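# Descriptive structure summary
Listed below are the residues making up each chain.
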Amino acid sequence: MELTHTAGVRAFRAEARDWLAAHVPASPLPSLETAEGFAAHRAWEALLHRGRWAVVSWPEEYGGRGVDLERWLVFEEEYWAAGAPGRVSQNGISLLAPTLLAHGTERQRARVLPPMASGEVIWAQAWSEPEAGSDLASLTSRAERTEGGWLLTGQKTWSSRAAFADRAFGIFRSEASQAGAAKPHQGLTYLMFDLRAPGVTVRPIGRLDGKPAFAELFLDRVFVPDEDVIGEPGQGWRIAMSTTGNERGLTLRSPGRFLAAAGRLVSLWEAAGDPGDTAMRDRVADAVVGARAYELFTWANAARFAAGETIGAESSLNKVFWSQYDIALHETALDLLGADAELVDGAWAEPWVFSLAGPIYAGTNEIQRDIIAERLLGLPKGRR
Amino acid sequence: MRFLPTDEQRDFARTLRALLGAADVPAAVRAWGAGEHGPGRTVWARAAGTGLFALAADEAYDGLGPLPVETAFGFVEWGRSGMPGPAVETAAVAVLLSRLGDGTLAKRFLPGLLAGEVLATLTLPGGGPYALDADAAACRFRVSRAGELRLARTAGERLASTDPARRLFRPAVAEEEPLAEGPRVLEAAAAALGWARLLTAAQCLGVGEALLARTVAYAKQRTQFGTPIGGFQAVKHRLADTLMALEFARPLLWAGALSLERGEVAAAKLTAGEAAYAAAMTALQVHGAVGYTEELDLSLWLRKARPLRDAWGTPSQCRADVLEARLPLTGR
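Residues numbered from 1 in each chain as written. Chains lettered and ligands numbered in written order. Predicted model: local features only at pLDDT ≥ 70, side-chain atom pairs only at ≥ 80, totals over all residues. Heavy atoms only, no water.

Per an unreviewed UniProt entry, chain B is named Acyl-CoA dehydrogenase FadE, and its organism is Streptomyces cirratus. According to its UniProt record, chain B has this under Cofactor (unreviewed entry): "FAD". The UniProt entry for chain B carries this comment under Sequence similarities (unreviewed entry): "Belongs to the acyl-CoA dehydrogenase family." (UniProt positions renumbered as here; feature names shortened; annotations may be inferred.)

If you check an unreviewed UniProt entry, chain A appears there as Acyl-CoA dehydrogenase from Streptomyces cirratus. In the Sequence similarities (unreviewed entry) part of its UniProt record, chain A is described as follows: "Belongs to the acyl-CoA dehydrogenase family."

Set out below in structure tokens:
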């Protein structure tokens, strides 16, 4: 057992650190959930891509560096420690790209991945529907066969980034479910579509703080060519679940993000904390310990990956942990700020609002706990 | 970076787990609480035969170590089994005597301790005030704030613990043999404190895992409203949270064992102690009234969880250490 990097990894870290020090904007970009901020973040993605830091874990031919998970985690540590902007391309990079790499065709990868890496095309996800949230497999948006492709009809919602994004991906019902059929996750197809195609209406939804962080999508016979179907038609559920595994697992929220946030919290505590307030001190200590625990848990899982094991339901432990941790950390920061906590332009207010969504998206924490209990502890399935 | 146990480390843990699992530990715990150490000492000697204590001692003094990672794996199994006795203290004494580097003292005490023939207990600055199981331990060490290492001739006054299997004694400071003194003693004591904290964290993790395993088994077989209670979301989610706390404590324990740095060890102790206590509270609630009885063996682990959470570093002390020692946050 070891917890040290090789000289090669340390050199990679140094290279990333140097590049970031020279290129990270001196002052924060406007919120990426605004039109102005979205454009600024897109421009940052382009700069990151020119330095070949946008997608380090991808194969070189698509704009990456082909590095292993260990180096990706090291890059993420450096990225967040440098105070670099949030990733507006996150949905595409961490959800769609792994799906294409696992299930897409060579032509799809060559067509879709390079503009995703450069920020030229920014992707939104289109999973949930008004009547299909946690019970995603009950979705009813349809994909109907037509000449040379499919016609999408229905409504998607809570589609992150869709207010300003270019394209979206999601699953659609392509085979009519038999009445009373017990298997709602059959007959679904995974498709990519253009958010500006005829028949698409995007209605932005104001997040808790009013920013249009997600949107409803109304689809009325939207044409999707066959080349934009991922995998076999009808296999969408299995393919989508392989992405949500990624999402919940090691790639959605890297430890570097929380290590950096915990570091900022310690700085805030040192600047604004009352040394005699041991209750507050304990919460700051818990934030430090939590970031380290999450980091170490990830290193252990990365080593399991490297040894050829797969991470299954354990990724649900991951998701519940970081989403709860993130809220507690931000609440501690707000408490340290006192009366200034509610000021929107403060460094902690918007991240706090963002953290509140963590236990809800990417599979609610209630669903995750069901998965943990049933698959890791072997408890019986019950009614949700 | 391979942050995972090696095959040898896994094998050692598996061996010790099988050995302890085959013994009637619950009976030994109950006897121990009544002051009958015989059954417990039989298991103790067998566990020592796997090298459990020798792993903490230097090779120069007939030890196998110092191998903190392997020792920590061993103490997870010790905790899982519910074994009583001053095991953490005995291992910490092995560290203290190794670090002290006094050949005469090492020869006098270590062979018996490492072989599991003699038990030791220990109090030192930064630890708790009471000597655990000073009646079972023939060697009762104390390090004073002034840096004197002393050996008590008698066990001292006994104080009952909420866990009957933890027999506490007020050190008999009036009847002590001086063994050594000076800054070297304080340095060795600081190392022993770090190990004691680490191994208590390991023991906590094992206790917590045992509590969760028993509770999951119970939730699968206990039926109410015509269905196993483990199918109810309120029960499932509490058990899921219990598992999560234990699973995130484990890598902290590993990192603490790898570095033995004060902040890392404190983080491990804090997290494992809290996770084990949370597992105890879950176990108690999910078992219902029967879990609140001393008759059910579950009580043997339930009663350990709280004192172990506080032994060799309370959560508050550990949190202070985490901030003082500046746990690394990036850039290693």
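Additional details are given in the paragraphs that follow.
## Let's talk about unusual backbone geometry
The amide bond that connects G65(B) to the next residue, P66(B), takes the cis arrangement and shows omega of 10°. If you trace the backbone, P66(B) turns up in the loop between α3 (38-49) and α4 (68-81). One non-glycine residue, W158(A), adopts positive backbone phi at about 55°. Mapped onto the elements of the fold, W158(A) is located in strand β3 (residues 149-160). Take W158(A): its relative accessible area is 46%, and that puts it in the partly exposed class. (Helix = DSSP H or I, 4+ residues; strand = E, 2+ residues; numbered from the N terminus. Buried < 20%, exposed > 50% of the residue type's maximum accessible area, 1.4 Å probe, protein only.)

## Quick word on the pattern of salt bridges
If you walk through the whole model with that rule in mind, you get 53 salt bridges over all chains. Close ionic contact of E295(A) with R292(A) constitutes a salt bridge, the shortest N to O distance being 2.9 Å. Placement of the pair is E295(A) and R292(A) together in helix α8 (residues 278-306), with a separation of three residues, close to one helical turn. There is no split in this pair, since E295(A) and R292(A) are both buried. A salt bridge links K236(B) to E374(A), with the shortest nitrogen-to-oxygen separation between them at 2.5 Å. Taken together, the positions of K236(B) in helix α8 (residues 233-259) and E374(A) in helix α11 (residues 365-376) put the pair across two chains. We note that K236(B), like E374(A), is buried. Connected through shared salt-bridge partners, E33(A), R161(A), R207(A), D209(A), K211(A) and E350(A) make up one network. (Salt bridge = Lys/Arg side-chain N within 4 Å of Asp/Glu carboxyl O.)

## A word on the UniProt feature "domain: Acyl-CoA dehydrogenase/oxidase N-terminal" (unreviewed entry) in chain A
Under the present numbering, the feature "domain: Acyl-CoA dehydrogenase/oxidase N-terminal" (unreviewed entry) in UniProt falls on residues 10-120 of chain A. For the annotated span residues 10-120 of chain A, helix accounts for 63% and strand for 0% of the residues, and the straight-line distance between the end C-alpha atoms is 31 Å.

## Overview of the domain arrangement of chain A
All names here are of chain A. If you check the domain split of chain A, you get domain 1 (7-118), domain 2 (123-235) and domain 3 (249-376). Counting from both sides, the interface comprises five residues of domain 2 and, opposite them, six residues of domain 3. Surface buried jointly by domain 2 and domain 3 totals about 480 Å² across both partners, of which 59% is contributed by carbon and sulfur atoms. Of all residues in domain 2, the largest losses of buried area upon contact with domain 3 belong to S134, R207 and K211, amounting jointly to 68% of the total for that side. Run the count over domain 2 and domain 3 and you get two salt bridges. Here R207 makes a salt bridge to E350, at a shortest N to O gap of 3.1 Å. Our enumeration of links across domain 2 and domain 3 arrives at two residue pairs in polar contact (both at pLDDT 80 or more). (Domains from an automatic or database assignment. Contact = heavy atoms within 4.5 Å. Buried area = accessible area lost by both parts, 1.4 Å probe. Polar contact = N/O pair within 3.5 Å; in protein donor to acceptor, adjacent residues only side chain to side chain.)

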